[in-house]
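These are the residues of each chain, in order.
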Amino acid sequence: MLSAHIIRNLRNASKLASVAGPNADRIVNVKWSDGKTGEFPLIWLRDTSPDPATYTISPAMTARNLTMLEFDVEQKAKKLWIDGDGDFLKIEWESGVLSTFPSEWLQIRNPSDQEARKRRRKVYLFPEETWGKEEIEKKLKRFSHEEFMKNDRVVHDFLEAVCIDGIAVLKGAPKGVRGAVEAIGDRIGMIKRTHFGIVFEVSTKADASNMAYASNGGLPFHTDFPSLSHPPQLQMLHMLQSAEEGGNSLFVDGFHVAEQLRSENPEVFRILTTHSMEYIEEGYDIHEINGKEFRFDYDMCARHKVIRLNDEGKVNKIQFGNAMRSWFYDCEPSQVQNVYRAMKTFTDHCYQSRNVLKFRLEDGDTVLWANQRLLHTRDGFKNAPGKSRTLTGCYFDWDIVKSRVRHLRDKLELEQNQPSA
């Protein structure tokens, strides 16, 4: 469902004025009273026809009834006309199906309208801008934990900020009380289980299964679990007990660093987008399952490029972790030195002050961020006597988070909402 606000604007803007075609390329040309035009592929109009024969729409699901096995991709229209004083385009198909397309339905989905295309891209909630220190310090969004737990609009705004900026913070949960991660997770959706369980705890301990648990010292910038073929896409940490001194959280937008390298050092960018590195993680973790302690022994191994591009050449994933790097499958021995130099250059850029967001999580604060976009770390810390710096955390995948955002846009009839069918 599109927001009532956008539909009202479209309805008030114009009526259908004329329809022509289909032409030799099977394109239907539509014109509105305000002069705007649209080119609609005939077969696409049949495939997306908002009628009961094409779609099943119920409270439980919106599903396409047509199957490609049975779908006639060469089917023809018997008749096309404008009906209802310019409110509807109607198409009678040779198969006997009658399609009725409201004017606003066509305007919203007009594939030849750049504004409609731009608006549709927003449904995927991809970040449009990267950030350095100066930008993120101005726009980092912080929300009340209490309001998040009871107000769906706050849940939407918090998760939208994570989608766009890669990070957002919740402030003011009850201090020192366990269960915040689970409660926040329930408000978002399904927590992603890993070999560290569903909810994990970060504190210094003997026989540590992760470098974050091994000492009070600082850690290097990293993303979590590049040793997995499908690393968690988001990570959340909640502060139960902060350190007496230090223990600040540091973040870097890896997409921003990658774009800096593309501009300032294109050879390093080429190397890091070309060669895959092997990441290995071996050990065990003990966590609770169904009320019982469970030891999981693991031997993880995966290959990733440090910087991954999508089909449009945009940076869409960063993998750079503490897991052991063991092998370079797509490198000749003579190239390995340059790969290490490139990784060193990438790391040096991460530590440049122009790129680093630094803040302190107080007791009861929670931060959620994009694990395959932002690199994170903490600086060294000193505990107060008898109190150990302790956080609890979990992971999520984008599908769950973005689904929640879209569902809330629909439920709350927000301006950003867009139709699924």
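In this text the structure is predicted, and so the values were computed from the model without any measurement.

Asks: Help me out: how do you make sense of the overall build of the protein chain in this one?
Replies: Each helix and strand counted, the protein chain has twelve helices and 24 strands in total. Dimensions of the protein chain, computed from the C-alpha atoms along their principal axes, are close to 80 × 55 × 45 Å. Relative to its full complement of 421 residues, the protein chain shows a buried share of 47%. Counting contacts in the protein chain only where the partners sit at least 6 residues apart, residues at least 24 apart contribute 73% of the total. Of the roughly 21,300 Å² of accessible surface on the protein chain, a fraction of 49% belongs to carbon and sulfur atoms.

Asks: Can you help me understand the sheet that holds strand 3 (residues 37-41) in this one?
Replies: Strand pairing in a sheet relies on backbone hydrogen bonds, with the paired strands running either antiparallel or parallel. In spatial order, the strands read 1-2-3; together these three strands make up an open sheet with antiparallel pairing. Looking at the sheet topology across the chains shown, the edges are occupied by strand 1 (16-20) and strand 3. The average angle at which neighbouring strand axes cross in this sheet is 20°, direction not considered. As judged from the four bridges shared by strand 1 and strand 2 (residues 27-32), these two strands associate in the antiparallel manner. Its bridge partner being in strand 2, Leu 16 is matched across the sheet by Trp 32.

Asks: Any chance you could explain the pattern of salt bridges here in plain terms?
Replies: Side chains that differ in sign of charge can pair as their charged atoms come close. If you walk through the whole model with that rule in mind, you get 24 salt bridges. For Asp 152, the salt bridge goes to Arg 187, with nearest N and O atoms at 3.1 Å. A residue pair is termed long-range when its members are at least 10 positions apart, and Asp 152 in helix 7 (residues 152-165) and Arg 187 in helix 8 (residues 180-188) qualify at 35 residues. Like Asp 152, the residue Arg 187 is buried in the burial classification. For Asp 397, the salt bridge goes to Lys 192, with nearest N and O atoms at 3.5 Å.

Asks: Where do I start with the side chain of Thr 377 in this structure?
Replies: When you line up the elements, Thr 377 lands in strand 22 (residues 374-378). Here Thr 377 falls in the buried class, since its relative accessible area comes to 7%. In this structure the side chain of Thr 377 is engaged in a polar contact, spanning 2.4 Å, whose partner is the backbone oxygen of Leu 219. Each residue touching Thr 377, except ones within four places of it in the same chain, is listed here: Leu 219, Pro 220, Phe 221, Asn 248, Ser 249 and Leu 250.

Asks: Sorry, what's going on with helix 7 here?
Replies: Given 3.6 residues to a turn, an α-helix orients residues that are three or four positions apart in the same direction. Taking 1.5 Å per residue, 14 residues should reach 20 Å; helix 7 reaches 20 Å between its end C-alpha atoms and fits that length. Most of helix 7 sits inside the fold, with eleven of its 14 residues counted as buried. Among all positions of helix 7, only Asp 152, Val 154, Val 155, His 156, Phe 158, Leu 159, Glu 160, Ala 161, Val 162, Cys 163 and Asp 165 are buried. The backbone nitrogen of Arg 153 lies 2.8 Å from a side-chain oxygen of the residue at the head of helix 7, namely Asn 151. Phi turns positive one or two residues past the end of helix 7, at Gly 166, with a value near 85°.

Asks: When you look at the sheet that holds strand 7 (residues 88-93) in this model, what are you seeing that I'm missing?
Replies: As summarised here, the arrangement of the three strands in space is 6-7-8, forming an open sheet in which the pairing is antiparallel. Looking at the sheet topology across the chains shown, the edges are occupied by strand 6 (77-83) and strand 8 (98-102). Going from strand to strand, the sheet's axes swing by 15° on average, the running direction of each strand aside. Looking at chain direction, strand 7 and strand 8 are connected through five bridges and run antiparallel. Looking across to strand 8, one finds that Ile 91 is bridged to Ser 99.

Asks: Sorry, what's going on with the environment of Arg 354 here?
Replies: Here Arg 354 is to be found in the loop between helix 11 (333-350) and strand 20 (356-359). Classification of Arg 354 by relative accessible area gives partly exposed; the value is 37%. Residues Arg 354 and Val 306, spaced 48 residues apart in sequence, show a C-alpha to C-alpha distance of 21 Å. Apart from the residues within four sequence positions on either side, Arg 354 is in contact with Gly 132, Lys 133, Gln 260, Glu 264 and His 349.

Asks: Just checking my understanding: could you explain the domain arrangement of the protein chain for this structure?
Replies: Many descriptions give the size of an interface as the accessible area lost when the pieces come together. According to the domain assignment, the protein chain contains domain 1 (4-124) and domain 2 (133-408). Its C-alpha centre places domain 1 at a distance of 43 Å from the equivalent point of domain 2.

Asks: Hey, could you run me through the packing of helix 9 (residues 254-264) against helix 10 (residues 266-274) in this one?
Replies: For any two helices packed against each other, the geometry is given by the interaxial angle and the distance between the axes. Relative orientation of the contacting elements helix 9 and helix 10 amounts to 125°, with a least axis distance of 5 Å. For the element pair helix 9 / helix 10, the angle class is oblique. Across from Ala 258, Leu 261, Arg 262, Ser 263 and Glu 264 in helix 9, the residues of helix 10 making contact are Pro 266, Val 268, Phe 269 and Leu 272. Class assignment for the residues of the contact of helix 9 with helix 10 results in six nonpolar, one polar and two charged.

Asks: How should the nonpolar core be read in this particular structure?
Replies: Within soluble globular proteins, side chains that are nonpolar tend to cluster in buried spots. Within the largest apolar cluster, 26 residues are counted, with the highest numbers of intra-cluster contacts made by Leu 272, Val 306, Ile 307, Ile 318 and Phe 346. Apart from residues no more than four positions distant in its own chain, Ile 318 is found in contact with Thr 223, Gly 254, Phe 255, Ala 258, Val 306, Ile 307, Phe 346, Asn 371, Gln 372, Arg 373 and Leu 375. Counting residues in hydrophobic clusters, the runner-up holds 25 residues, among them Val 155, Leu 159, Ile 188 and Val 405.

Asks: What should I look at first to understand the pairing of strand 18 (residues 315-318) in this one?
Replies: When a strand is regular, its side chains alternate between the sheet's two faces. Alignment of strand 17 (residues 307-309) against strand 18, held across three bridges, turns out to be antiparallel. In the strand pairing of strand 18, Leu 309 is matched with Val 315.

Asks: Any chance you could explain a positive patch on the surface here in plain terms?
Replies: A contiguous patch of positive charge, built from Arg 117, Lys 118, Arg 121 and Lys 314, is present on the exposed surface. By the secondary structure assignment, Arg 121 is in helix 4 (residues 114-121).

Asks: Mind showing me how you'd approach the environment of Leu 159 here?
Replies: If you trace the backbone, Leu 159 turns up in helix 7. Residue classification places Leu 159 among the buried positions, given a relative accessible area of 0%. A C-alpha to C-alpha distance of 30 Å links Leu 159 and Ile 286, two positions 127 residues apart in sequence. Contacts of Leu 159, omitting those with residues within four sequence positions, involve Ile 188, Leu 368, Val 401, Arg 404 and Val 405.

The rules behind the values
- Residues numbered from 1 in each chain as written.
- Predicted model: local features only at pLDDT ≥ 70, side-chain atom pairs only at ≥ 80, totals over all residues.
- Heavy atoms only, no water.
- Helix = DSSP H or I, 4+ residues; strand = E, 2+ residues; numbered from the N terminus.
- Buried < 20%, exposed > 50% of the residue type's maximum accessible area, 1.4 Å probe, protein only.
- Contact = heavy atoms within 4.5 Å.
- Areas by Shrake-Rupley, 256 points an atom, 1.4 Å probe, with all protein chains shown as cover.
- Pairing = 2+ DSSP bridges.
- Axes fitted to C-alpha atoms, helices over the stretch in contact; angles between N-to-C directions.
- Salt bridge = Lys/Arg side-chain N within 4 Å of Asp/Glu carboxyl O.
- Polar contact = N/O pair within 3.5 Å; in protein donor to acceptor, adjacent residues only side chain to side chain.
- Expected span 1.5 Å × (residues − 1).
- Domains from an automatic or database assignment.
- Parallel < 35°, antiparallel > 145°, perpendicular 65-115°, else oblique.
- Nonpolar A, V, L, I, M, F, W, Y, C, P; charged D, E, K, R; others polar.
- Core = buried A, V, L, I, M, F, W, Y, C linked by side-chain atoms within 4.5 Å.
- Patch = residues over 30% accessible without salt bridge, like charges linked within 9 Å, V, L, I, M, F, W, Y side chains within 5 Å.
- Lys, Arg positive; Asp, Glu negative; His and termini not counted.
- Charge placed at Lys NZ, Arg CZ, Asp CG, Glu CD.

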